[in-house]
Every structure is written in structure tokens, then in C-alpha cells.
There are 4 protein chains.
Amino acid sequence: MYMTCRKTNGSAKRLTYRTQLLSMLINAYQQIRERTVQLCLPLQTEDYVVQPVVDVSPPKWHLGHSTWFFEAFILKPYLKNYQEFDPDYNYIFNSYYENAGAHVMRTDRGNLSRPTVQEVYHYRQHVDEAMRSVLQHNLSHEVEELVGLGLNHEQQHQELLLTDIKYILGHNPLFPAYKKTVSATDKIADDSWITIPKGIYEIGFKGNGFCFDNELAPHNVWLSEFAIQKSLVTNKEYIEFINDGGYENFRFWHTDGWDWVKGTHHKSPLYWHHIDGKWLKYELSGGLISVVPEDILCHINFYEASAFAAWKGFRLPTEFEWEIAAEQLDWGTRWEWTNSAYLPYPGYTRAEGAIGEYNGKFMVNQMVLRGASLATPSGHSRISYRNFFHPHLQWQFTGIRLAK
Amino acid sequence: MYMTCRKTNGSAKRLTYRTQLLSMLINAYQQIRERTVQLCLPLQTEDYVVQPVVDVSPPKWHLGHSTWFFEAFILKPYLKNYQEFDPDYNYIFNSYYENAGAHVMRTDRGNLSRPTVQEVYHYRQHVDEAMRSVLQHNLSHEVEELVGLGLNHEQQHQELLLTDIKYILGHNPLFPAYKKTVSATDKIADDSWITIPKGIYEIGFKGNGFCFDNELAPHNVWLSEFAIQKSLVTNKEYIEFINDGGYENFRFWHTDGWDWVKGTHHKSPLYWHHIDGKWLKYELSGGLISVVPEDILCHINFYEASAFAAWKGFRLPTEFEWEIAAEQLDWGTRWEWTNSAYLPYPGYTRAEGAIGEYNGKFMVNQMVLRGASLATPSGHSRISYRNFFHPHLQWQFTGIRLAK
Amino acid sequence: MYMTCRKTNGSAKRLTYRTQLLSMLINAYQQIRERTVQLCLPLQTEDYVVQPVVDVSPPKWHLGHSTWFFEAFILKPYLKNYQEFDPDYNYIFNSYYENAGAHVMRTDRGNLSRPTVQEVYHYRQHVDEAMRSVLQHNLSHEVEELVGLGLNHEQQHQELLLTDIKYILGHNPLFPAYKKTVSATDKIADDSWITIPKGIYEIGFKGNGFCFDNELAPHNVWLSEFAIQKSLVTNKEYIEFINDGGYENFRFWHTDGWDWVKGTHHKSPLYWHHIDGKWLKYELSGGLISVVPEDILCHINFYEASAFAAWKGFRLPTEFEWEIAAEQLDWGTRWEWTNSAYLPYPGYTRAEGAIGEYNGKFMVNQMVLRGASLATPSGHSRISYRNFFHPHLQWQFTGIRLAK
Amino acid sequence: MYMTCRKTNGSAKRLTYRTQLLSMLINAYQQIRERTVQLCLPLQTEDYVVQPVVDVSPPKWHLGHSTWFFEAFILKPYLKNYQEFDPDYNYIFNSYYENAGAHVMRTDRGNLSRPTVQEVYHYRQHVDEAMRSVLQHNLSHEVEELVGLGLNHEQQHQELLLTDIKYILGHNPLFPAYKKTVSATDKIADDSWITIPKGIYEIGFKGNGFCFDNELAPHNVWLSEFAIQKSLVTNKEYIEFINDGGYENFRFWHTDGWDWVKGTHHKSPLYWHHIDGKWLKYELSGGLISVVPEDILCHINFYEASAFAAWKGFRLPTEFEWEIAAEQLDWGTRWEWTNSAYLPYPGYTRAEGAIGEYNGKFMVNQMVLRGASLATPSGHSRISYRNFFHPHLQWQFTGIRLAK
């Protein structure tokens, strides 16, 4: 399954969902599935189709893929007499490129004008109807877990829907707004430092609700004393870094980061444009607007975050430092790059079967992000959540928190 | 202007249109513009948007670009008080990438979900209305020539619309048909040879109607005696070439062609699939269907055409041989690769001004194709017509005629 | 300085060298510098020049670069009246590509036929003579540290010399041997497991001698109970993995590793050739010879090591597990891939000045290797040593140790 | 055979050599083979090895390849009991990459440190000795033709040796001179025009000596009246083009040429450097020296030649115009780009057997150059000679002659 998420964020995970009652599950299914559709309402049909870069998926694909999850892992194995909507959708909406049949599909997702958006919505309805039937009958613990996993999976794609829509519209020369309503301003920064004493701390998910398997099992780590900033870095601070030649001085950068700077000629965060001496940026609400210095910085990659921290004389926190300090921090508007590579926890074990089989496969070459962003669905964030991306990627709603 | 055609087929040309009466021009304008819309009727909105490879343009772009031609070269310079539809369309629908302003447009045509299809149709209506006003008033000879050129330009894009739609739908794993009606079968091949004696022959356009400047001026060439086949090569003959290891034997290929074979792993014409021992191909009418051996071969590039001819022990004709023999040939269903490079005729001169300024810029690295194809608009083909493409391209409706 | 090592292995490091007496230093300088020359004796002049891939440097460059280190960091700043050998060598033998002047040097290292090998040896003599003068006079603690660092730097390049010579000769179709003498056979594998109880352990360099700064400072970690194999994986076991379809089954691989397999078409360790049903491999002594099943496997990358471990049902150890178990292990013939990303230790701080300024710049996207290899100079290995490479690289003398 | 020339200049050709006496052939063999060695005398061993770009071959390869020609096409088929020097040289010094065995040779020519230069010279001696034996005995007409072809082939590689040595040394940051003696100054330009009346002219080789098959057979062409400049374009004129923004104005360029300008960022001829407001260039004699305005321009590609001509308001001649006017022109110091694509003459037919089998394979995507250069061996140029290269290549000694 998680191969299907390869262009998105295939957070490998194991279901530990246990106590949610059936009626709650039916409600959750309806609300989460409905929210995906709501997110797409402002789109024109054309917006569903394009894929400007490989890391971005067309909205149409997100709609189909999150639906295919329920069809492939619940309806086909568990619903007797279920009528598959269209066998070709297996190739179009999953990513088992290695499997037989896939040789037909030589093109990228963004080159597929068919199935049409309307057909994909029909597919959603078809699957939702069958899922209602599943949910109203004898629901085994196994299927219950799969439904919970499917819903969390869909929530991840809701966030990706927004980041991908922003990329699609923000790279259109007309800079169309996604919706006109202005989002709430980001919180004012408070640059005080919080100090955490050295000692043994426990890391990992310890509650009763849902978590992904990469958050398990709880385990001890030893931390030296450290200080971490209460708030995230602002546009103003980052503009100082730019103005001080941050993108021209290799001393601040990792070698791979400097190669990225030279290779891509980036000189600012994603979506920023320097026009007539002023910094503008593309926003989902409003299109091309002025950069507000006091707002929290967004859309930088790990290399930029590290270079900024080095320029400032500080460093990024590790994911463990973040988790221990989290309760005292202002967080939730940006995914925060940590200086931790995405690796298995000591107690990490693979789940059995198809769902679990790829759990560890993203655990190389990626960095952990902690927190959550404005685009994260409510109820989908927690202190132990481990997000991860390759260090060159900017298109998520990412920010910087300093440590020392 | 012709830079605008760079991903298509910017047949550079000079207008020699002279005698068409005004009412005919109004009629022609209406019919040709209307035909472009008709060609798009079977499309879904999503089909207008995608661009699977660089040589293919999204249908939406063809609609906009052929409209922009009239706005940029006629309405803005010649129609007083003309209200430009949207200044941004200059960047979106022309191709003066070198000019100021274009730095905003970093994405490819296929990544542009906006303007929407509906907005592009509004653009067409806006321009057509203004053009009606132009056509009904004092039409100078100069504007008359530009209208004629614009209409011929649009006819070229009509053919490209069909080849590009075929590429878009033919590379979709669902292989959707463009329309269900079956096209007339290609003519049965007649493999007799026509012999033309050596001597001095006159080449080039000599009539009174419209031609492009690359067909001018008429001039003499000396030809040795040669023989040319009355009909085009069939699928059956080409399958023999495939079965005889044609794609595995470098002896039949140009060096650059062999590099293409090894680099792309092509083993058959474009749109062909070998499934369960049978040859299938994608067709606009019908989707994925069986290859009919007796049908005329289509969708091979110059390298394949040359390799086939070498395997057969023959050669491709030159464009001059073709033009002299044309009246005795069955032609009109395939563009026929010749062994002539696209170069200026001896009497070739540049037209003055913006329209003419790029006339010669495609005259390197491309090969001449003669004839016309099933996709060529009626009234847009003639014996002196010089089409041209890079030798590796397969997606036009191309065929092979042998000479010796 | 460490930018100069970017194509090699720029183990960033801080000098903690303290107690070595001057006479020992003079001896060490002479022996280590001499050993580099000895390693090159079997080479033909032509072998010094080529660079088959970007990660490999020509032997000539290693000779010059390790010499340039002493010239740039000791002779020029500290030896009064030192006469620079040739100012152009700054561009040729360092890697400050970003600095002024470098624009002249557009070619890769392997395209530089000049300076000649003889000139580079003259350069070495020139620098060694001046260094003798430095070493025999008032040697400040600072310079002493720099000499120690320069010698450790040269030892790293001695290992790279061997790996790069192997790559150069092993990719020559004549498969020339480097020297004819047969190396001692690798130890017979002993596949027993060692179990280490859970608890707090101390990690990092704690001795008095030299270490790099990435080994500092000693700090605690908590480890769960684990078991680790006493010996390394043999060719026999890896051939079983190959024969069982290890390179065809994506389930064993990281996503990035699977992309590597598909993109490079690798089906075996580097230097292996499957000819007439037999596995052969290139060796420095002997050229193309049979793979001995009982020998220890060599030349696999991190992706292959991980996939093998997954196929076997085990995993790779972390670098901390390795360090704690090291005294009970057979190690020293292969660099062993761990499942730890190369990241700073908690106590890691940057050294001051030019030497230290790039210390952290490789700490992203690379994996830690522990142990040492047959190519590691004697006296250059220790239990706390942290080697690191990008996960796709195979050309070091790398092996696999399993954990569970 | 001509596949062997793919990175060089595989002028496909058919031997029409007839009347040369045996003693002359022995002399010619000795002198031509000796001259190749003389050309290499100023080289250091290291210079023989490198290959900075794909179009350039290492001098060592030229030495081996021109020798292999005689071994493969004469000694092995015709000399009884001939002892092959080394079977592996077949893979190393020919270019039948497609054939069995070649899978071993994965690296580029420039990565081969072995065989050593000395071994290649031994190879030459071995083959020359055997060839002497062939030449002194019953020499069939067939073998005689092959010897003549081999010698012409070697002369072509003598020119390539010089162009490739220039590229190797001219891209070294030390800019070493090849030899110190200053070459004779290029002739002073005489910018008068020669006018040729329209009419029927005969083209192609008509003499008794050696020619390549692409010069055959003589045939008529019709030419319009044209004028052609007596002399070639000077550096001074080209600097005016540069200063007038020639490289910034797309109007002067072919579309493919403009893509080359934008993709490579070239702003001047190859080997030119603009340093401190002055134009310098690398020369084989002298290294980096000032550009002399009155000297004849060198090292521009077809795109640059065409753009310059367009800027000047003229055009390049066709190869036929050149051939007819040649006797009145100053030529012989630069290969002159014509506006003719490299295509077969009407009477062109393939030679039988291995030698002739690839004759036509370069006849696509290349432009014809006429004349000869300072690097062309004496006795290897004639008015009907057709040289050809891809239009983006600059490293031959190329110049511009204008026509109108």
C-alpha cells in the first residue's frame, strides 16, 4: 500500500486503533470523506488534472487514490459480491508500478486526462456506498483497524491536496487565488528560549488512540541540556539572512545543500518573487500578495533551514528534543524541520501482510519534521507524530525553530 | 511569429495570396475558425489541458494560440480602439520566451490549468467579433494577406490538434476513443513502380493561390532517371521488417537513428502494442484495435523510414523526385518522409517585418515531408507544399514511399 | 579544507592530537608520505590520469591534493619565506570551486593531462623539503595539530587511492592486475551471534590519541537488548540472495534503493561479472578471478546491504550497537554499513577557523560505516571511528554484518 | 568500418584509387604512418589518455584505431599466418559497440588507462611490419584499394589528432602550448566579391586519383547567379558581431541554434576568453595569447556561422556554389560551413562488403563543410572533398565565407 504514497508522504504506519465505537467510525468516515470533497470545491475542472513536478500529484489522483485504498484493502477482500468499479483503476490510482500490467501506463499522472473528474467522483460514490454497507454490518476488529488506517491515510492526502493545489496555482502565471477569504494571520512570534535539563526522557506514542507504527514503541533516550525557541522564525529574520548573502555563502550550507543552491538557482523560499524591490509571495487566499515581515516563515527546505540556523549561530533541534519540549512550544502552523534523519525506533517491528509490508521502506535519505501545519486536518496531529520528507523539498508548509 | 510555432510545425512562409474576394474571405474565416471548434467537440474538459511530451501541445493552447495570432498581428496593430482581451495571454499563447516578462512563466504549457477552457472559448469569441468588424470594413491588401496567413496558420494547427489529441488519448492507459465513427479504410496498396526519365524539371509553387514562402520561387533542378512506387508501404511489409530483426540490426540505420533505437528502445511504430502475440494499435476512432496488415503504415519517423527502405534494398525519394512524380502517385493519406533536408530554395528571400522575420529559422536539422495526411484540412494541401519535422518524431501521420 | 574532499570522503574532524613527541612526528610524516608513493609504484603513468566516474579521483589528484594540504594550511601561513610551488595548483588540487579564479577550470579532474605525474612528484618533493624545515624548528602546538591532521587526512586518501585504483583498473576491459601477489584470504566466517543486554552505554572517543571531531564528545545512549553476528556475510550467502531473486523483488528494498536498482540495472555487487554461468570478479591482485563462496562479501552499497538483511529476516546494526559490541566482533576487513544516518553527536561543536569551518557539512544524506577495511592504513582505525558515504555507493571495501 | 569513426569524422567513402604504382604506395604508407607519430612527439604520456568531451578522442585511441584499420581489413583477411597483436584491441580500437563481446567495455575511451601508450606504439610497429610484408608481395587490386583507403583514413585522423589535442590542452587550466614555434600568420583578408553567372554546372570528383564515394558520381546542378566573397571572415568582423549583441538577439539564429546559445551560454568562439576587457584565445603554439583582429576567424559552429551571416545581411554559400567558385577563392586554412545538408549525391551507390556497408549512415543531421584547414595533411584536400559535422560542433578549424 505505501508504495501508493510514494509521491506524497507515505508515512508507513501500523494501526493501533482500538476503542473507537462503531457509530463514531461511521461518522468519522462520512465527515473525513466529505471534507476531501469540500477541499476540492473551489477548483476548476482543469485544476484537477495537472502535475507540474514529480512530487506534486494532480488533485484528481488524490481523490481516486484515497478511494482506491478502501476498495483495494477493504471492499475487495472483505465485502462479498462487491462489484469492482473499474479494474483499470488499479493501475491508475495505486503505484505498484512493478506489478504486471503496469507496462501499459508509461505516462506520468499529470498526463492522464481520463478518467474524467466526474468519473472519479462517481468512483467515490460507488465506493462510499459499498463502505456504508460494510460499516453497518458485522465489522471485525481487523476491518475496523483498516477503516481507521484508511481515514488517517485520507487525512494525510487532504494535507497534500492543499500543498499540491498551492503548487499548481502558485506556478500559474495568472496566480489565481484558491479562495478569496483571508486566512487568519499567523501568530506573532515570541523569541524567548525554553531550557530543558539533561536526563533520561521517554519518546514515542503512549496513548490509546490511533498512531502510525513509526511512532512506536515508547523508549528512553538520554538528552543533554538544551534550549529551544518558543516561536518559529519570521519572514523578517529570513529576509535578513537573504540580504546578508545567505544564498551566496557556501559556509552556511551542507555540501548537498550548496549543490542544490547552485543547481536550482534558488535565492528565496518557494513562492516568493522579488519584483521592483519588494518581496511578494503567492498565497492560496489572495494570489500574489506582499510578504508580511512579522508572519511566520513558510516553504523552506531542510537545507535552507539548516543554513539559516548556521548563519544565526544556532542549530535545528533533534526530533527528540522537540518532542520533550513540545508542550511548552507554540506549534501547529508549520511542519518544523528537525536535524534527525528518519530512522526506525528501537522497538520498531513490521506489521504482517500487505498493509505492513512496506513500512520501513522510506527510512533512508529523509529528514523528520515535527509539529503540524495550517493544512493539517484537525484531529490529525499529536506530539509523537513523525512526518518526513527529502531534504530538498520546499512545497510543504514548513518552518524553522532554533535550538542551541 | 513563427517562434510561436516552435513546438508544432512553424512552416515559415510568405503570403502570396492575391485574388480572393472579400466575401470569400469572410466565409473562409468563419468556416475555418468554426472547424477548429468542431474538432474539439468530442473532447472532455480534461483532455484540453495535458501535454505528455514536449512536442505535443494541449488542445487548449492550440485554441488560444491560433486566436492570439489574429489579435497580435491584426487586431492590435490595425483595429482602432481594440480592447485587448487579457495582456497575460501574450505570455501564455505566444512563444516569445526571449522577451521581457516571460520570466514569470516558468512552467510548461501542460502545467497551466488556467485560463480555463471556457475562458479560452470566450477569448475566441472576443477576437472573432472584433475580426468580423475588421473584415467588414476597409480591408487593406496588407491586412488581407495577414488574414489569409492566419487562416492557413490555423489550418496547420487543426492538423496538429488531431495529432496531439491522438497522442494524449493514445498514451492514456484507458485508450479512450476520440469518436466512435469508423474512418474510411486506407486505400489498398498498389506496388507498381513509376519511372521518370532524367532531365531538367521545374520545382516550386507556380499558381495564383496561397502558398508559403518556402515553396518559392519556382526553379529548375536536374534529375537522373528514377523509379518511385505508386503506393505507400503497408503494415504487412513493415511487420516483415520487424520480424526480420529490423530494429536489432544496426546495418539498416543511420548512426543517429541507431542511437535513437538504443536510447528509446522502440521496436515498432508509435501507438503499436504487441500483446499476446498480436499487434494492436491505438486509433482515434475505436481506441485499441488490431493492426490490419493491408492498411497503410503510419507513425514512423525518418530513421525508421530510412531503415525500412535500406532493409528492402531501396531508398526514399528526394522532395524533388516526389514533386515531379506526384501527379501519378496515390497520395494524401500520409505525410511522406523524403531524403531531403529542409533548406531554402535558391530564390528564397525573407519577408519584411515581424511576420517574415523568422522564416528561415527552422531550416536546419529537419527533413522534408511531402504529400498530406488524413488529418490535413481539405484545401490545405498542394504538390509544392513542404512540410518538415525533426527526423526522430513519429507522432504525425507519416508513411513511407520507396524509390530506386 | 574539507571541501577539498568532497568527491572522496571528507570526514570532517577536529584535531585532539596531544601527546605525540616531535621525533615521532617527523618519523610519522616521513613514513606516511612515503607510503602514499609506495602505493602508486605499481601504476603506469596512464593510470594516474583517468577518472571514470565522479566519485573516483585520479591517483595524480590524490598525490597533489594531500600535498596541497600541507602547503596551504602549514607552509604558506607558518613558514616564513616559503616559495609557493605553483599558484595554479590551488585551483587544481583543492576544491574551493566557489572561489574566484575557479571559473577557468571548467573541466573535470579526469580531463587534466597536466600537470604531469612527474611534475606532481616534484611538487611533493618541494613540499616535503619545506615541511622538514618546519618540523625541525620551533613547532607550535597549533602547527603540531595541523601536521597530525594532515597525516590523518593523507591516510584517508591512501585508502581512497586503493579504492579508486581498483575502480580504474576494474573497469578497464583488459582487467589488468594492480600487483600480482595474492592477498591473504579473508577469514572464514563464523556465524554465531553475540547478545548484548539493554542498558545505558557510553559512546564516542575517550582515549588520548588522535581522533576526528565527529567522534566527540563521549556521551550516553540507551540500547535495548540486541544480538549481532560475530562475522560478516559471505559471498555464498549473497549469491543465495541473488539466486532467490533478491534484485527482482521490491519488497526487500527501500524505495530509493529500488529506484537505484531499476535505474542502474545492477544485479550483483560491483566488480562481479556473470560469465558462462560462473561468477567472476575483478581483484587488485589477479585481475578477473573466480568468486570464492567462502570469502567475505565486498562492494555492496547500503541499499543492497539493507535488502539482503531484510531478505534474511534480520536487520543492520546501528552505529551505537556496533561500537558497544565491537570488542567481541571480527572486524577490520570491510567497512560495515550501519542503519545510522551520519549526524552530529550531542556534544558536537565546530572547531574555529578554516580547518574546522566545514565540519558539519556532510551531515545529511549519508550513512555511517563502522570498522575498517583491508585498504585502511594500519594505525588509522579505532572503535569510535565514523566513516560515512552516500547510500548508493559501492566502490569502497564494504560488507554486511547482521543484527536482530 | 565507418562506424569506427563515429566520434571522429567517418567520412563514408568508396575507393576509386586506380593507378598509383606499388613503390609509390610503399612510400606513401611509410610517410603517412610516420607523420602520425611525428604529430604526437610533443605530447606527454598523460596527454594521450584523456577525453574531455564525447566528440574528442584520446590521442592514444587515434594511434590505435588507425592501426587497427590495417589489421582488421587487410592483415587478418589477406595475410596468411598473420598473428593478431591482441584480440581485445578489437573492442578497444574499433567501435562496433553493437557486436558481441562489447558488453565488457562499459567505459568511455577516456577512462582507459590501458593499453599504455607504449603498448600502442608496439601495436603500430607490429602492424607496420606485417604491412611491409603485404606491400612487398603480390598486391591484388582489392588490397591496393584498401591500403589507399587506410591511408586516407589515417590522414583524416591526423587532422582529428590536432583538433583533439587542441581541445585537451586548450581546456587545461594551465593552457600548455603544444609546441612553441609560431605558426605562419593567416592570410590578410580580401573582402572582394566574385560573381558566378547562373547555369548548369557539373559537380563531383572527376579526376583519376583517390576520392571518397560521397564525392561521386559527377552530376549536373543548376545554379542561379550568386556572389561569393574571395576571403574568409576575420576576428575583427566577428568581434563586431559580438559587440553588437549577436549572441543576445534571437533574430539572427536558427531555432536550434538559439537553443544551443541558451543551453550552453556560449558568447564567443571556442577557445576565446574575455579577460580584463581583452579577448584572448588558446593556440597550439603559444598557449593563451591575444586575439589578432586581422586574423581569420576560427572555431565557430554552423549556428554561429549562420547567425553571423544573417547579422551581416548575407548568407552562407551552398556546397555547390562553393565547388564552382573554388578556383577563384582563397581557401585551405579553414573548413568552411556551407548551407548544404550532408546528403547522398544522385549517383551515390553503396560499395559492397564491410568497407562500404556504412557509407550512408552519417547522411542525416550534419552539414557539409568545404575547403580544408591548416590541420589538413597536405595532399588530402581537393575541390570536391565533402567534410561534414553536426551543426553545434566548434572544435574543428572552421571559418565563415559569405555569399549573397
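Above this text you will find the structure in question.
As a starting point, this report considers the structure included with it. (Residues numbered from 1 in each chain as written. Chains lettered and ligands numbered in written order. Predicted model: local features only at pLDDT ≥ 70, side-chain atom pairs only at ≥ 80, totals over all residues. Heavy atoms only, no water.)

**Some thoughts on the relation of the copies chain A and chain C**
Phase 1 of the analysis: Once chain A is rotated about the relating axis by 180 degrees and shifted along it by 0.0 Å, it coincides with chain C to within an RMSD of 0.0 Å. Such a combination of turn and shift is consistent with a two-fold rotation axis. Minimal C-alpha distance to the rotation axis in chain A is attained by A:Asn365, lying at 2.5 Å.
Phase 2 of the analysis: The overlap is high: 100% of the interface residues of chain A also sit at the interface in chain C, so the same surface is used on both sides. (Least-squares fit on C-alpha atoms with pLDDT ≥ 70 in both. Contact = heavy atoms within 4.5 Å.)

**With respect to helix α4 (residues 117-135) of chain B**
Residue and element names in this part refer to chain B.
Phase 1 of the analysis: Under the 1.5 Å per step criterion, the end-to-end length of α4 is 26 Å for 19 residues, consistent within 8% with the ideal 27 Å.
Phase 2 of the analysis: All of the buried residues along α4 are Val 117, Val 120, Tyr 121, Tyr 123, Arg 124, Val 127, Asp 128, Ala 130, Met 131, Val 134 and Leu 135.
Phase 3 of the analysis: Tucked into the core, α4 has its buried residues touching α1 (22-40), α2 (59-78), α3 (89-93) and α5 (141-170). (Helix = DSSP H or I, 4+ residues; strand = E, 2+ residues; numbered from the N terminus. Expected span 1.5 Å × (residues − 1). Buried < 20%, exposed > 50% of the residue type's maximum accessible area, 1.4 Å probe, protein only.)

**Here we look at helix α2 (residues 59-78) of chain D**
Given 3.6 residues per helical turn, the α-helix brings residues three or four places apart onto the same face.
Phase 1 of the analysis: Taking 1.5 Å of rise per residue, 20 residues should cover 28 Å, and α2(D) covers 28 Å from first to last C-alpha, within 8% of that figure.
Phase 2 of the analysis: By the criterion of burial, α2(D) is predominantly enclosed, with 16 of the 20 residues buried.

**A short note on the interface of chain A and chain B**
Phase 1 of the analysis: Across the boundary between the two partners, chain A contributes 33 residues, which contact 33 residues of chain B.
Phase 2 of the analysis: Of the roughly 2900 Å² buried between chain A and chain B on both sides combined, carbon and sulfur atoms contribute 62%.
Phase 3 of the analysis: For the interface between chain A and chain B, the tally reads two salt bridges.
Phase 4 of the analysis: For A:Arg114, the salt bridge identified is with B:Asp47, shortest N-O distance 2.6 Å.
Phase 5 of the analysis: Taken together, the links from chain A to chain B amount to eight residue pairs in polar contact (both at pLDDT 80 or more).
Phase 6 of the analysis: When contributions to the side of chain A that touches chain B are tallied by element, the ones reaching two or more residues are α4 (117-135) and α5 (141-170) of chain A.
Phase 7 of the analysis: Of the residues belonging to the side of chain A that touches chain B, the class tally is 16 nonpolar, twelve polar and five charged. (Buried area = accessible area lost by both parts, 1.4 Å probe. Salt bridge = Lys/Arg side-chain N within 4 Å of Asp/Glu carboxyl O. Polar contact = N/O pair within 3.5 Å; in protein donor to acceptor, adjacent residues only side chain to side chain. Nonpolar A, V, L, I, M, F, W, Y, C, P; charged D, E, K, R; others polar.)

**Some points on the side chain of D:Glu46**
Phase 1 of the analysis: Its location among the elements puts D:Glu46 in the loop between α1 (22-40) and α2.
Phase 2 of the analysis: One buried charged side chain, D:Glu46, makes no salt bridge at all; its nearest oppositely charged neighbour is C:Lys60, positioned 5.9 Å away.
Phase 3 of the analysis: At 2.6 Å, the side chain of D:Glu46 forms a polar contact with the backbone nitrogen of C:Val117.
Phase 4 of the analysis: In contact with D:Glu46, other than residues within four places in its own chain, are C:Thr45, C:Val49, C:Ser113, C:Thr116, C:Val117 and C:Gln118. (Lys, Arg positive; Asp, Glu negative; His and termini not counted.)

**Thoughts on the packing of helix α2 (residues 59-78) of chain A against α4(A)**
Residue and element names in this part refer to chain A.
Phase 1 of the analysis: It is the contact of α2 with α4, at a shortest axis distance of 10 Å, that shows an interaxial angle of 30 degrees. Taken together, the axes of α2 and α4 are roughly parallel relative to one another. As α2 runs across α4, the sense of the crossing is left-handed. Here Lys 60, Leu 63, Gly 64, Ser 66, Thr 67, Trp 68, Phe 70, Glu 71, Ile 74 and Leu 75 of α2 lie close against α4, whose contacting residues are Val 117, Val 120, Tyr 121, Tyr 123, Arg 124, Val 127, Ala 130, Met 131 and Val 134.
Phase 2 of the analysis: Here the contact of α2 with α4 is built from residues that sort into 13 nonpolar, three polar and three charged. (Axes fitted to C-alpha atoms, helices over the stretch in contact; angles between N-to-C directions. Parallel < 35°, antiparallel > 145°, perpendicular 65-115°, else oblique. Left-handed = near helix turned anticlockwise from the far one by under 90°.)

**Details of the packing of aromatic side chains**
Phase 1 of the analysis: Applying the stated criterion to the full structure yields 144 aromatic pairs over all chains.
Phase 2 of the analysis: Summarising the aromatic geometry, the rings of A:Phe302 and A:Trp337 are spaced 6.0 Å apart at their centres and angled 65 degrees between planes, so their arrangement reads as edge-to-face. Of this pair, A:Phe302 sits in helix α8 (residues 302-312) while A:Trp337 sits in strand β8 (residues 335-341), and the two are 35 residues apart along the sequence. Both residues of the pair, A:Phe302 and A:Trp337, count as buried.
Phase 3 of the analysis: With centroids separated by 5.5 Å and ring planes inclined at 45 degrees, the aromatic side chains of D:Tyr247 and D:Trp253 adopt a geometry described as tilted.
Phase 4 of the analysis: Given a relative accessible area of 2%, D:Tyr247 falls into the buried group.
Phase 5 of the analysis: Assessed through its relative accessible area of 3%, D:Trp253 is described here as buried.
Phase 6 of the analysis: Feature note: the residues A:Tyr238, A:Phe241, A:Tyr247, A:Phe252, A:Trp253, A:Phe308 and A:Trp311 constitute an aromatic cluster, connected by ring pairs.
Phase 7 of the analysis: Positioned above the aromatic ring of A:Trp193, the side-chain terminus of A:Lys404 is 4.3 Å from the ring centre. (Phe/Tyr/Trp six-rings, centres within 6.5 Å; stacked < 30°, edge-to-face > 60°. Lys NZ or Arg CZ within 6 Å of the ring centre and 35° of its normal.)

**With respect to the interface of chain A and chain C**
Phase 1 of the analysis: Listed per partner, the contact involves 40 residues of chain A and 40 residues of chain C.
Phase 2 of the analysis: With both chains or domains summed, chain A and chain C bury close to 3100 Å², and 54% of this area falls on carbon and sulfur atoms.
Phase 3 of the analysis: Connecting chain A to chain C are eight residue pairs in polar contact (both at pLDDT 80 or more).
Phase 4 of the analysis: The set of elements that each furnish at least two residues to the side of chain A that touches chain C consists of β3 (219-223), α7 (255-264), α8 and β8 of chain A.
Phase 5 of the analysis: Residue composition of the side of chain A that touches chain C, by class: 20 nonpolar, eleven polar and nine charged.

**Focus: the environment of C:His390**
Phase 1 of the analysis: Along the chain, C:His390 turns up in the loop between β10 (387-389) and β11 (398-399).
Phase 2 of the analysis: Classification of C:His390 by relative accessible area gives partly exposed; the value is 23%.
Phase 3 of the analysis: For the pair formed by C:His390 and C:Val364, sequence separation is 26 residues and the distance between their alpha carbons is 9.1 Å.
Phase 4 of the analysis: Those residues in contact with C:His390 that sit more than four places away from it in its chain are A:Asp256, C:Trp337, C:Asn365 and C:Gln366.
Phase 5 of the analysis: Of note is the side chain of C:His390, whose polar atom sits 3.1 Å from the side chain of A:Asp256.

Purely geometric numbers; function is a separate question.
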